[in-house]
There are 6 protein chains.
Amino acid sequence: MFTHTHALQFEAKPDGPDPDFARKMQEVLGGQWGEMTVATQYLLQGWNCRLPGKYKDMLLAIGTEELAHVEMIVTMIDRLLDHAPLKPDAADRTKEAAAGYGQHNPQHLIANGSGASYMDSMGNPWSGAYVTASGNLFADFSYNATAEMQGRLQVARLWNMTDDHGVKDLLRFLLTRDHMHQQQWLAAMEELKADGLDGIPVPEAFPLEEELPEFAYTFIDASDGPDAASGRWANGPALDGTDNQLTAAPIAAHADAPILPPGDPRLFGTPPVPGESLLQKAKDALK
Amino acid sequence: MFTHTHALQFEAKPDGPDPDFARKMQEVLGGQWGEMTVATQYLLQGWNCRLPGKYKDMLLAIGTEELAHVEMIVTMIDRLLDHAPLKPDAADRTKEAAAGYGQHNPQHLIANGSGASYMDSMGNPWSGAYVTASGNLFADFSYNATAEMQGRLQVARLWNMTDDHGVKDLLRFLLTRDHMHQQQWLAAMEELKADGLDGIPVPEAFPLEEELPEFAYTFIDASDGPDAASGRWANGPALDGTDNQLTAAPIAAHADAPILPPGDPRLFGTPPVPGESLLQKAKDALK
Amino acid sequence: MFTHTHALQFEAKPDGPDPDFARKMQEVLGGQWGEMTVATQYLLQGWNCRLPGKYKDMLLAIGTEELAHVEMIVTMIDRLLDHAPLKPDAADRTKEAAAGYGQHNPQHLIANGSGASYMDSMGNPWSGAYVTASGNLFADFSYNATAEMQGRLQVARLWNMTDDHGVKDLLRFLLTRDHMHQQQWLAAMEELKADGLDGIPVPEAFPLEEELPEFAYTFIDASDGPDAASGRWANGPALDGTDNQLTAAPIAAHADAPILPPGDPRLFGTPPVPGESLLQKAKDALK
Amino acid sequence: MFTHTHALQFEAKPDGPDPDFARKMQEVLGGQWGEMTVATQYLLQGWNCRLPGKYKDMLLAIGTEELAHVEMIVTMIDRLLDHAPLKPDAADRTKEAAAGYGQHNPQHLIANGSGASYMDSMGNPWSGAYVTASGNLFADFSYNATAEMQGRLQVARLWNMTDDHGVKDLLRFLLTRDHMHQQQWLAAMEELKADGLDGIPVPEAFPLEEELPEFAYTFIDASDGPDAASGRWANGPALDGTDNQLTAAPIAAHADAPILPPGDPRLFGTPPVPGESLLQKAKDALK
Amino acid sequence: MFTHTHALQFEAKPDGPDPDFARKMQEVLGGQWGEMTVATQYLLQGWNCRLPGKYKDMLLAIGTEELAHVEMIVTMIDRLLDHAPLKPDAADRTKEAAAGYGQHNPQHLIANGSGASYMDSMGNPWSGAYVTASGNLFADFSYNATAEMQGRLQVARLWNMTDDHGVKDLLRFLLTRDHMHQQQWLAAMEELKADGLDGIPVPEAFPLEEELPEFAYTFIDASDGPDAASGRWANGPALDGTDNQLTAAPIAAHADAPILPPGDPRLFGTPPVPGESLLQKAKDALK
Amino acid sequence: MFTHTHALQFEAKPDGPDPDFARKMQEVLGGQWGEMTVATQYLLQGWNCRLPGKYKDMLLAIGTEELAHVEMIVTMIDRLLDHAPLKPDAADRTKEAAAGYGQHNPQHLIANGSGASYMDSMGNPWSGAYVTASGNLFADFSYNATAEMQGRLQVARLWNMTDDHGVKDLLRFLLTRDHMHQQQWLAAMEELKADGLDGIPVPEAFPLEEELPEFAYTFIDASDGPDAASGRWANGPALDGTDNQLTAAPIAAHADAPILPPGDPRLFGTPPVPGESLLQKAKDALK
């Protein structure tokens, strides 16, 4: 259950409007790596978590914080959309304005009346498919760490796409929180390992004796790049706690080319079982 | 440029048909974490990679291997679809068959004529949006490691959903390769760090002095779960190589509730600028 | 900014597991008219609202309540997924179980490990495109009222699809809140009208004298159903506060068939401008 | 069954080409609230309608009219695309042209050869998910009324985005028909109520005694906006025909925090049942 | 402009309900190759057609006919959904019923109240992206011919998935019309060629001298299947009216491996330009 | 199984960067008719092909070649994105630059760090739904021929949208290969016919005596365009090898308007079965 306060976690006020940047800012709101993803993902992982205690509590705490980030970015986009030009002639005072007009998202005006929406910078609506909640915390925390890396990377790029100090203040806050959250998920993975809950290879509980050991430590090289096998991934000790050595080998076939049986004739694939019309043709040919 | 051989990297032959499992197997072919995702993702990251040498070569090598995995799973699904029942009465020999009939994907027959397709187990088509290629290798390798974890997890679950030895042989191979590939991406992240190319927080090249230090090491708790701050993520030294300490604090507001200006009256939002029809109403009221 | 408490707004505990119903319940979680839609929609309308005061405050209040509904349905689905059968033989104790096995969503197990996800009952991921926030409160409240009607209708149908008392208790709560919320949005529309902020036709501020009056009060009948014009919509006084009368007329053409000019030859549409290869053919034919 | 005439219901001829506006016009063709949605939605509601007579006849009549609107907007877009520039240098006569070039939809040229397509102004393809046909006419007519409000709102905004008189003539027609259609659906809802077919709360046939009366008339306030409960929705008589009073209360929890049981170990969630590999590690540690 | 009559082009009445088959029938209503696609596609090609006369007239005539097919399939699905079971116990009279229950689409009941919707048999909503209208009639007629082939193939498969005589009567009609329409599009392609409007290679107006002749008649073999070059496509005269001969060759590289320059450091890709934090690390290392 | 070489099949090096054209080029990479579609489609058709020999071998050969085309276009887009402006002021040296800035895809920079992605020119992610593999080779080869026509058409249009010689060299190569591939699929269709594997109407094996002969050779005219029946499709001998004649007739109804029975009252459609609350209202009215 949630309660809401109108006060913001951090200020979200640009120096001035910028509909071009408003569109770009949508990427970190409703894009694959935007705040909608992390907010709803951490909450879902938390609600679905079948292990009571610190991990579940932490997931729900940070998911709730991320809702506040969604709120701030929506507010920022709303303000960037003030006074957006409705026609190109209105945009035409400078070449910079013409360029910015060309980049603006027309749905911001036509569909949302100068408001944000749950889409990315190319107008793709946010999708529940962006969210992963596998029930395996190690795999999910790895994804969460990635999300904070990709997210911070995008905010860092946006930082270089604007000179507006108000915008930069909010980006600064987001960059800092993503910095913290990267540490958070990496720490949580370490703790899962320390608590004996999972490890490499995830899921560790799958019995290794069911694997094929000859494929477990070999980098398979299927390309002619000369340096593919010169990295750590093909040399040195295994990273799964065993005393195996990583090595490399070219790709090789271990099974013959497959031969599929003919399909069910009632599905009319190729090859068909000759139907009456083909028979008729055969008969006609014999006349 | 690619060349193809008809021989398979590994055998993909079930003991017998099973249209229910054919549907489930689609998840690791065309689902978010399936082989289509990793094959096309590693190739795209490799092609886009602006750093020549071992990382680029490795990406193209493994992406090419993953294409062979797509091929094997397609072949397996094709064979699982042999003799699929076209009507429930044909499925009705046992309750098990009735249950399996209920689960089968009708598009496998109607649209594909007993063939695989690029979709997941619920019929969602595979999407290019599943692929991430950010240009930042550290962030992308973290995603790749996640993909191998989520992928191995799904295959391990499928392992418990079938008794078919032929199917299990292929799953065994996939589990083993995902085991190797988890190590591969973790090793590659270590190597990126060792090569000075990136580190925590990603992207490391963003100047930390632009951040707000008071938010960089604090776990913010926005929920009432009592154990949220009892993990490593809120205690002990920072994980970014600095000598800061991680700590915790309840969520707090740092800005007032936002007040947005009225919108452009030409967009007819609320509040509107009173138009003529409203004026007319006012006049009528005064009569 | 939000805070979260682990206690639930209402109980969400089924009498027993039911993976078939877990799939159906996804419709009111992640379907077009599910709780994800109303929660994120009311919040977005609230954040984007440019009129401070009661409407904005109310939107943020109810949007926050709806987040608690998302949480309860996720929890209910999680519990309905306990002990879900992994294979049809396990499901085969009764024909009822076989039927239920056939209906279950395999991603609930393969992708989510017995957890809910943001999808509808056919596995379509929830989409940001379900959310409307036009900036015009009258139009949006009308949509919100619809959402509560469609939502209550779906929950009422689910009510007849289960005998589980624990499930029915939660449905009872949802039905009651949707009852309240229907009243809420209809009351809010009345209040917008009373406050002079908008009315029929929405947006009222668009100057009526720009319209074509001959088309404003006529039901146009383009089909041969004999009773199409016998309803209130083609008879009696207008509903927009004017003293016009509604009437009916068959559909009629008011413009000639359009004739489009040829396309740009550089786009190679039909008709093309004859290129050299066609000329060459003509020359060859003349030889 | 349908018949078609080449003559248009209304003129669709711009004064001149404008590829920027052609893109914007796609919103009311193939967007969520565009003519494709209302045409196909009213027809589907009509075909699915299980009550013969005026409602069914009316739905099929108006759905058929809306097909003519699709046709006119397609024609308009085709003409706005005449002579569209293929390169920026061709667009470069004025800054206005440069701005317009930046906004044009490149698929209009590359994929459609100067033709319209079924997409919105950001290029999202029209989706069957936009269409609602619930089988409950009251709920659906409420959605239809909304569609005409959102649609008229978008056309009114487009009105302010162009100075082309030919375009404005068509927009004028669309604004007028949406004015009529808003009245139509509101009248139809009144008639459903008068005919005793449904009412608030929809669906009225669900037995109210199954509800929880303490939640049926209370606005629940989950945010700190001071005015949330000062509107009609929290004061005065109920809107469902009963003699209850609307009131307000802060959000409160009515159930304990949920505790989920551990998952099936065969799904490898967290917490897992310790598998052999973990056991082995434990053994190794004891050596 | 369209008019509608309630009478059907052909009967659409099953002998009895069958919710399993209702779901399957959705494939030819709202699937990629269903009637929604051909109806809206032929109309769009007709409206966009810039060549007045027989082709445009024919497109609009057949598109309008296809709308009647949409109507019939919707009607059939509605009737197949009568008396659909709401729970598995109601389905449990026979194993056949249990199997059918497992296959039914729950949205047919929850969202549509026993009605059809614009989706395919796996619940994917129909998409405007299924529609192609390129402005080049030859390319589009080729697609139309394909659509009638894929469509007839799917209906022929459905034919073998039911024993219901009423359903088969409608399928019979659809099979026959698809038979006619295959001829129609092939005839139209011939006529386009005869009228000198286009030909192989499409678009014929692109000047062949801009091509690279050494690649225009060579089947390039990139796989080791021994028979790949034994077909007509690698032997015999060209099919484009020239007197070239088709031949085959193994795939070969014609350019060096690409080397991309480093990215813009403001985008924080790999390799980055060392930022201050990396410099600091270097300094620290030198201490 | 595949192997990869870093060398390219053909050169992919523009004379200079052009982020506007980079976006447009995405259409033939990740659009419906782009190289991703044909590569993955031909491979899937090949893997699913149940007829060993020349057709299967050919499909896998050409699918593998198309992967090399994906690689070249990705490389081209990467290079076109070098030095892309991050802000409009940087774009503002000329009006041409301003126009180009307006057209660029912001995700190319924010999400991909100057790299290509699997999307079309409007940012829609590539979809597995673009791929057709029906199991019927004739129907699929017809689709493949279409894909090469639509693809070549789009490349020919792009040819006229750039003056860059390096870009034009790659387009030249793609135009030439699409020329060859059109011939290839048409030749393969001829060969299927010659081999007696299928023919018109596809699928030929469906028994024609199940059809309704009166509908098999009649062009049905549902529009008032005067020339609709003047083409080959309504005149002359049938194209299916029979000695029937094609003819034309206006559309006509062959069945009465459908009347659907009332729905299940437990689904609360209209008409409902009067529930208690309505009864109560009636009672109240009688008081």
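Rules used in this analysis
- Residues numbered from 1 in each chain as written.
- Chains lettered and ligands numbered in written order.
- Predicted model: local features only at pLDDT ≥ 70, side-chain atom pairs only at ≥ 80, totals over all residues.
- Heavy atoms only, no water.
- Helix = DSSP H or I, 4+ residues; strand = E, 2+ residues; numbered from the N terminus.
- Rg over C-alpha atoms; globule rule 2.2 N^0.38 Å.
- Buried < 20%, exposed > 50% of the residue type's maximum accessible area, 1.4 Å probe, protein only.
- Areas by Shrake-Rupley, 256 points an atom, 1.4 Å probe, with all protein chains shown as cover.
- Lys, Arg positive; Asp, Glu negative; His and termini not counted.
- Charge placed at Lys NZ, Arg CZ, Asp CG, Glu CD.
- Contact = heavy atoms within 4.5 Å.
- Buried area = accessible area lost by both parts, 1.4 Å probe.
- Salt bridge = Lys/Arg side-chain N within 4 Å of Asp/Glu carboxyl O.
- Polar contact = N/O pair within 3.5 Å; in protein donor to acceptor, adjacent residues only side chain to side chain.
- Nonpolar A, V, L, I, M, F, W, Y, C, P; charged D, E, K, R; others polar.
- Phe/Tyr/Trp six-rings, centres within 6.5 Å; stacked < 30°, edge-to-face > 60°.
- Lys NZ or Arg CZ within 6 Å of the ring centre and 35° of its normal.
- Least-squares fit on C-alpha atoms with pLDDT ≥ 70 in both.
- Domains from an automatic or database assignment.
- Axes fitted to C-alpha atoms, helices over the stretch in contact; angles between N-to-C directions.
- Parallel < 35°, antiparallel > 145°, perpendicular 65-115°, else oblique.
- Left-handed = near helix turned anticlockwise from the far one by under 90°.
- UniProt positions renumbered as here; feature names shortened; annotations may be inferred.
- Core = buried A, V, L, I, M, F, W, Y, C linked by side-chain atoms within 4.5 Å.

Caption draft 1: The overall build of chain A, seen in detail. Secondary structure summary: chain A contains ten helices and three strands in total. Along chain A, helices and strands appear, N-terminal first, in the series β-α-α-α-α-α-α-α-α-α-β-β-α. Here chain A has a C-alpha radius of gyration of 28 Å; the compact-globule value for 287 residues is 19 Å, and the former is much larger. C-alpha extents for chain A along the principal axes are approximately 80 × 70 × 50 Å. Counting the 287 residues in chain A, one finds 73% classified as buried. Approximately 7,900 Å² of chain A is accessible, and the part contributed by carbon and sulfur atoms is 55%. Put simply, chain A has 21 plus and 40 minus side-chain charges, and the middle of one group is 8 Å from the middle of the other.

Caption draft 2: The interface of chain F and chain E, seen in detail. In this assembly, 105 residues from chain F lie in contact with 105 residues from chain E. Summed over both sides, the interface of chain F with chain E buries roughly 9,200 Å², with 64% coming from carbon and sulfur. We note a salt bridge from E:Glu210 to F:Arg172, for which the minimum N-O separation is 2.9 Å. Linking chain F with chain E are 51 residue pairs in polar contact (both at pLDDT 80 or more). If you list the elements that add at least two residues to the side of chain F that touches chain E, you get helix 4 (54-80), helix 8 (137-159), helix 9 (165-194) and strand 2 (218-221) of chain F. The element contributing the most residues to the side of chain F that touches chain E is helix 9 of chain F, with 15 residues. Along the lines of polarity and charge, the residues of the side of chain F that touches chain E split into 56 nonpolar, 26 polar and 23 charged.

Caption draft 3: View of the packing of aromatic side chains. As enumerated under the stated definition, the model contains 84 aromatic pairs over all chains in all. Ring geometry for A:Tyr55 against B:Trp233: centres 5.7 Å apart, planes inclined by 50°, an arrangement best described as tilted. Of the two residues, A:Tyr55 is situated in helix 4 (residues 54-80) and B:Trp233 in the loop between strand 2 (218-221) and strand 3 (247-250); the pairing between them involves two chains. Comparing A:Tyr55 with B:Trp233, the two get one shared label, buried. Ring centres 4.6 Å apart and planes at 10° place the aromatic pair C:Phe10 and C:Phe173 in the stacked group. Here C:Phe10, found in the loop between strand 1 (2-4) and helix 1 (19-30), pairs with C:Phe173, found in helix 7 (residues 165-194); they are 163 residues apart in sequence, far enough to count as distant. The same class applies to C:Phe10 as to C:Phe173, namely buried. Clustering of aromatic rings is evident, with ring pairs tying together A:Tyr42, A:Tyr55, A:Phe141, A:Trp185 and B:Trp233. Positioned over the ring face of A:Trp159 is A:Lys168, at 4.5 Å from the centre of the ring.

Caption draft 4: Local environment of the relation of the copies chain F and chain E. Here chain F sits on chain E after a turn of 180° about the axis and a move of 0.0 Å along it, with an RMSD of 0.0 Å. Here the transformation between the copies is reduced to the relation of a two-fold axis. Distance from the rotation axis, computed per C-alpha, reaches its smallest value in chain F at F:Tyr143: 3.2 Å. When you check the interface residues of chain F against chain E, 100% turn up at the interface there too, and the contact is symmetric in its surfaces.

Caption draft 5: Representation of the domain arrangement of chain A in the model. Each domain of chain A was delimited in the assignment, giving domain 1 (19-194) and domain 2 (207-272). The C-alpha centroid of domain 2 of chain A is placed 37 Å from the C-alpha centroid of domain 1 of chain A.

Caption draft 6: Quick peek at the packing of helix 4 (residues 54-80) of chain D against helix 3 (residues 35-48) of chain E. For the pair helix 4 of chain D and helix 3 of chain E, the least separation of the axes is 9 Å and the interaxial angle reads 45°. By the angle between their directions, the pair helix 4 of chain D and helix 3 of chain E is classed as oblique. Crossing hand, helix 4 of chain D versus helix 3 of chain E: right-handed. Of the residues in helix 3 of chain E, those in contact with D:Leu67, D:Val70, D:Glu71, D:Val74 and D:Asp78 of helix 4 of chain D are E:Leu44, E:Trp47 and E:Asn48. Taken together, the residues of the contact of helix 4 of chain D with helix 3 of chain E break down into five nonpolar, one polar and two charged.

Caption draft 7: Layout of the UniProt feature "binding site: Mn(2+) 1" (unreviewed entry) in chain A. Residue and element names in this part refer to chain A. Taking the UniProt record as the reference, the feature "binding site: Mn(2+) 1" (unreviewed entry) is found at Glu35 and His69. What stands out for the annotated residues spanning 35 residues is how close their C-alpha atoms remain, the widest pair being 6.5 Å apart. Its location among the elements puts Glu35 in helix 3 (residues 35-48). Tracing the sequence through the fold places His69 in helix 4. Ignoring any residue separated from it by four or fewer positions in sequence, one finds His69 in contact with Gln9, Glu35, Phe173, Leu174 and Arg177. At a separation of 3.5 Å, a polar atom in the side chain of His69 contacts the side chain of Glu35.

Caption draft 8: Spotlight on the interface of chain B and chain A. Chain B puts 105 residues into the contact, and the matching count from chain A is 105 residues. Between chain B and chain A, roughly 9,200 Å² of surface is buried when both sides are summed, and carbon and sulfur atoms account for 64% of that area. Viewed at the interface, chain A and chain B are joined by four salt bridges. Linking chain B with chain A are 51 residue pairs in polar contact (both at pLDDT 80 or more), by the criterion used here. Elements represented by at least two residues in the side of chain B that touches chain A include exactly helix 4 (54-80), helix 7 (137-159), helix 8 (165-194) and strand 2 of chain B. For the side of chain B that touches chain A, the element with the highest residue contribution is helix 8 of chain B, accounting for 15 residues. Taken together, the residues that form the side of chain B that touches chain A break down as 56 nonpolar, 26 polar and 23 charged.

Caption draft 9: Representation of the pattern of salt bridges in the model. One pass over the full model with this rule turns up 66 salt bridges over all chains. Here E:Asp82 ties to D:Arg50 by a salt bridge, and the two come within 2.8 Å at their closest N and O atoms. Residue E:Asp82 is found in the loop between helix 4 (54-80) and helix 5 (95-103), and its partner D:Arg50 is found in the loop between helix 3 (35-48) and helix 4; the two belong to separate chains. Where D:Arg266 meets D:Asp264, a salt bridge forms, and the shortest distance between an N and an O atom there is 2.7 Å. Here D:Arg266 falls in the partly exposed class, since its relative accessible area comes to 37%. For D:Asp264, a relative accessible area of 19% corresponds to the buried category. Through salt bridges with shared partners, one network takes in A:Lys54, A:Glu191 and A:Asp195.

Caption draft 10: Focus on the environment of C:Gln245. Along the polypeptide, C:Gln245 turns up in the loop between strand 2 (218-221) and strand 3 (247-250). For the pair C:Gln245 and C:Tyr217, spaced 28 residues apart in the sequence, the C-alpha separation amounts to 6.6 Å.

Caption draft 11: Structural view of the UniProt feature "binding site: Ca(2+)" (unreviewed entry) in chain A. Mapped onto the present numbering, the UniProt feature "binding site: Ca(2+)" (unreviewed entry) falls at A:Asp57, A:Ser223 and A:Gly225. These annotated residues cover 169 residues of sequence, and their C-alpha atoms sit far apart, with the largest distance between any two at 46.8 Å. Residue position: A:Asp57 is located in helix 4. In this view, A:Asp57 contacts B:Gly225, B:Pro226, B:Asp227, B:Ala228 and C:His6; residues no more than four positions away in its chain are not counted. Positionally, A:Gly225 belongs in the loop between strand 2 (218-221) and strand 3 (247-250). What A:Gly225 contacts, discounting residues up to four positions off in sequence, is B:Asp57 and F:His6.

Caption draft 12: Broad picture of the nonpolar core. Among the nonpolar cores identified, the biggest contains 186 residues, and A:Met25, C:Met25, C:Phe141, C:Leu171, C:Trp185, D:Phe141 and D:Trp185 are the most heavily contacted of them. The leading source of residues in this core is helix 3 (residues 54-80) of chain C, at 15 residues. Once you skip the residues sitting within four places of it in the chain, C:Phe141 turns out to touch C:Tyr55, C:Met58, C:Leu59, C:Trp185, C:Ala188, C:Met189 and C:Leu192.

Caption draft 13: Molecular detail of the packing of helix 4 of chain A against helix 9 (residues 165-194) of chain A. All names here are of chain A. At their nearest, the axes of helix 4 and helix 9 sit 12 Å apart, and the two run at 165° to each other. By the angle class used here, helix 4 and helix 9 are roughly antiparallel. Every pair of crossing elements has a handedness; the one defined by helix 4 and helix 9 is left-handed. Mapping the contact onto sequence places Lys54, Tyr55, Met58, Leu59, Ile62, Glu65, Glu66, His69, Met72, Ile73, Met76 and Leu80 in helix 4 and Gly166, Val167, Leu170, Phe173, Leu174, Arg177, His181, Gln184, Trp185, Ala188, Glu191 and Leu192 in helix 9. Tallied by class, the residues present in the contact of helix 4 with helix 9 amount to 15 nonpolar, four polar and five charged.

Caption draft 14: Quick peek at the relation of the copies chain B and chain A. You can overlay chain B on chain A at an RMSD of 0.0 Å; the transform is a turn of 180° with a shift of 0.0 Å along its axis. Mapped onto chain A, 100% of the interface residues of chain B again fall at the interface, so both copies present the same surface.

Caption draft 15: How the structure looks around unusual backbone geometry. Residue B:Pro201 follows B:Ile200 across a cis peptide bond; omega there is 0°. Omega for the peptide link from D:Thr270 to D:Pro271 comes to 0°, which places this bond in the cis form. Among the secondary structure elements, D:Pro271 is positioned in the loop between strand 3 (247-250) and helix 10 (276-286). With phi around 60°, C:His83 is a residue other than glycine that occupies positive phi space. Structurally, C:His83 is set in the loop between helix 3 and helix 4 (95-103).

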